[in-house]
Amino acid sequence: MKSLFKQKEFSILAIVLLISSILTFVSPVFLTVGNLLDLIEGNVVIGILAIGMTLIIITSDIDVSVAAVTTAVAVSISYLFGFLPDSWISVLLLFLFAPVIGLVMGLFNGLLVSKIEIPAIVVTLGTLNIIAGLVLYITNGNYVNSTSFPQSFLSFSNIEILGIPILIYLLAIVAVGTWFILKHTLIGRSVLAIGGNTQSSVRVGINYQRVKLFVFAYMGFLAGIAAIAQTAYTKAVDPNGMIGLELTVIAAVVLGGANIHGGRGSIHGTLLGVLLLAIMQNGMILARIDTYWQNVVTGAIIVIAVSYDQISYKRSQDKLANIEVEA
Amino acid sequence: MKKLVFSLLMLMFLVGILAGCVSENTSGSSEEGSNDSGGEESSDDGEMNIAVVPKLVGIPYFNASETGAVQAGEELGVNVEYTGPTQADASAQVKVIEDLVSKNSDVIAVAPNDPASVEPVLKKAKDQGIKVMDWDTPADKELVDLSVKQVDDEEFGRHMAGKLVEAMGTEEGKIAILTGGLSAANLNLWIDAAKKEFDENYPDIEIVSEKIPTDEKQQVAYQKTLDLLKSYPDLKGVLAVSTPAPLGAAQAVQEKGLQDEVSVVGSALPNDSEPFLEDGSLDTAVLWNPKKLGYLTAALGKMLAGGEMPEDGQEIENVGEISVKDDGKTVIMGPPADFTKENAGDFDF
């Protein structure tokens, strides 16, 4: 229990709890099962992308092409619908195709970053433009609505198990899976090692290029899954609908305690970061805060959350240093 | 093995890029070719070059106006070049206009992303004897020879408010207003007009909260509407301004099965809103016909190049009766168009 308070994610958890309790007082609707499920379901896409982004940020890189990759996969899905028969097999096939399409795009980013060693921000900014341009060229910006979706996919997106929408399970599977990779596999430990100290980790024999390739490929893979979630959630494919989403994703990861310089970050922290952003967005209307003040309040909470997190982290670092000196 | 995979990937990428270049080149050269021949013809039989510049290309709305403008070009025997930036970016748009100025178009019609930033280049065009118009969104009034507006802002806002009250079937109750963005000037004008209509004619309607921004995204509109429905259980109607917003609002109403309790009216294109119009989650989509707007712009461009000015009440073929405001150069295409369950399938935009 004591260790819980010492964890760096505790600060963000405290803020989430604080805001939640304020909102519960202000609006009786906030703490209802229905609202919380809506809230989580609405942020599944951001959640999945943020989990992938966490790995990249841990290795001190960044991927600004996530929204474009997700859009590209979503557009591919809408084209695939034209070829797939209207049955359950199609939904399964979709779960095979979509992640693979994402994976290919992620691999492309990863190869450029790891083999040619171009800074990731440059590579992904480039792929962002290439992909966004191609998507616009192919779709002409046309919006695809649910009338052209197979019935099986629509019923898949409406599945609820124990009253909980299927998309939330999808997020849970991705989160647990990634947590397992990070905690219990060689490649996962290597991700943390590289982020912590690149030189030492290379010296102990960790394959730097392979790890970089892995994090970007994995991001692409998750973007493919996120594209399914997005299509199932909005029941439409809008080629312009996710522009700028990468910023929200990165904000959620950083809010969740990941260090943008690498080495620090966790899946549960990121999920809390996503939750904090989600609660703020949801709470503003429930608390009946005036539109113009919503931005002010959102900004203020982010600044407070990040500085609180940073201050407590610095304190713990100071303590560490003291011990070393005394020893 | 890895090297092989890598070089294969690079090859795929290169081929992709080259393919893109090639197709662009061919389309570009064919366009240039037709323009060149058009230019020659223009010296021979006086054919005119009319350039129509949208805010951006590649969104359904401006695609529809392109169809109209090109159709007008074919029917009226003028060369219509429809070109614009790929993003709603003011400086990219200025570059497009600059190219058109140096190509010596006879008329340039612009839907400015930012009226101030296109001002210098439009001045330059005027100095070279090119006639300048704005369409869809007004530019600097002093500068343009003609200004084409789809609807009267005041009328449009009031019309949407009236439609919402009609759909609600009652003149009292709570409604919410969704908007694309807080800084969008035309959306704000419509919302202000709608509010005026509520104030003056339906005083028992209460607008909850300020207008709520949805970032021009359906998903955001959907989530905000879900929140609104929970926060105000007695909400009677949603007025959604900006094309993706009504779809998101209707999706929320559809999902919660509140078609009969909550009315949604907003500005959306008919094809996009069809699945929501069908089951009544979206009651009416109000907009104008973007195809006609493109047609009208090109047609008026031809008149302008020929030294004519449109008159109030003039009948334009394929568009209908237009009205001209007192300043003699602001043209209003006509009343707003309502898209409902019954007619949404008849349009191809």
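Residues numbered from 1 in each chain as written. Chains lettered and ligands numbered in written order. Predicted model: local features only at pLDDT ≥ 70, side-chain atom pairs only at ≥ 80, totals over all residues.

In this section: the overall build of chain A. Helix and strand content of chain A: 15 helices and 4 strands. Over its C-alpha atoms chain A spans a radius of gyration of 20 Å, differing by no more than 12% from the 20 Å that the globule rule assigns to 327 residues. Its C-alpha atoms give chain A principal-axis dimensions of about 70 × 55 × 35 Å. Expressed as a percentage of the 327 residues in chain A, the buried residues total 49%. (Helix = DSSP H or I, 4+ residues; strand = E, 2+ residues; numbered from the N terminus. Rg over C-alpha atoms; globule rule 2.2 N^0.38 Å. Buried ≥ 20, exposed ≤ 12 C-beta atoms within 10 Å, placed from the backbone.)

Glancing now at the domain arrangement of chain B. Considered domain by domain, chain B is made up of domain 1 (40-150 + 290-334) and domain 2 (153-287). Relative to domain 2 of chain B, the C-alpha centre of domain 1 of chain B lies at a distance of 31 Å. (Domains from an automatic or database assignment.)

This paragraph deals with helix α10 (residues 186-196) of chain A. Taken residue by residue, α10 of chain A has Ser-190, Val-191, Leu-192, Ala-193, Ile-194 and Gly-195 of chain A as its buried positions. Next to the buried residues of α10 of chain A lie α4 (44-58), α9 (166-184), α11 (198-203) and α12 (208-234) of chain A. (Contact = placed C-beta atoms within 7 Å.)

A separate point is the confidence of the model for chain B. All names here are of chain B. Considering every residue of chain B, the mean pLDDT works out to 83; 87% of them sit at 70 or more. Predicted confidence is poor over residues 20-45, with pLDDT under 50, and the contacts of this stretch with residues over four places away or in other chains come to 9 contacts. What the predictor reports for the complex is a pTM of 0.78 with an ipTM of 0.78. (pLDDT = per-residue confidence, 0-100.)

The next point concerns the interface of chain B and chain A. Facing 27 residues of chain B, the contacting portion of chain A comprises 28 residues. Sorting the residues of the side of chain B that touches chain A by element identifies α1 (2-45), α2 (60-76), β8 (212-213), α7 (218-231) and α9 (270-278) of chain B as the ones contributing at least two each. Looking at which element gives the most residues to the side of chain B that touches chain A, the answer is α7 of chain B, with 10 residues. Of the residues contributing to the side of chain B that touches chain A, the split by class is 11 nonpolar, 8 polar and 8 charged. (Nonpolar A, V, L, I, M, F, W, Y, C, P; charged D, E, K, R; others polar.)

This part covers unusual backbone geometry. Residue and element names in this part refer to chain B. At Ser-242, a residue that is not glycine, the phi angle is positive and equals roughly 105°. As for its placement among the helices and strands, Ser-242 is situated in the loop between β9 (235-240) and α8 (244-255). Despite not being glycine, Asn-318 has its phi angle at roughly 70°, a positive value. Relative to the elements of secondary structure, Asn-318 occurs in the loop between β12 (315-316) and β13 (320-321). In this structure Asn-318 comes out as partly exposed when scored by C-beta crowding, with 14 C-beta atoms within 10 Å.

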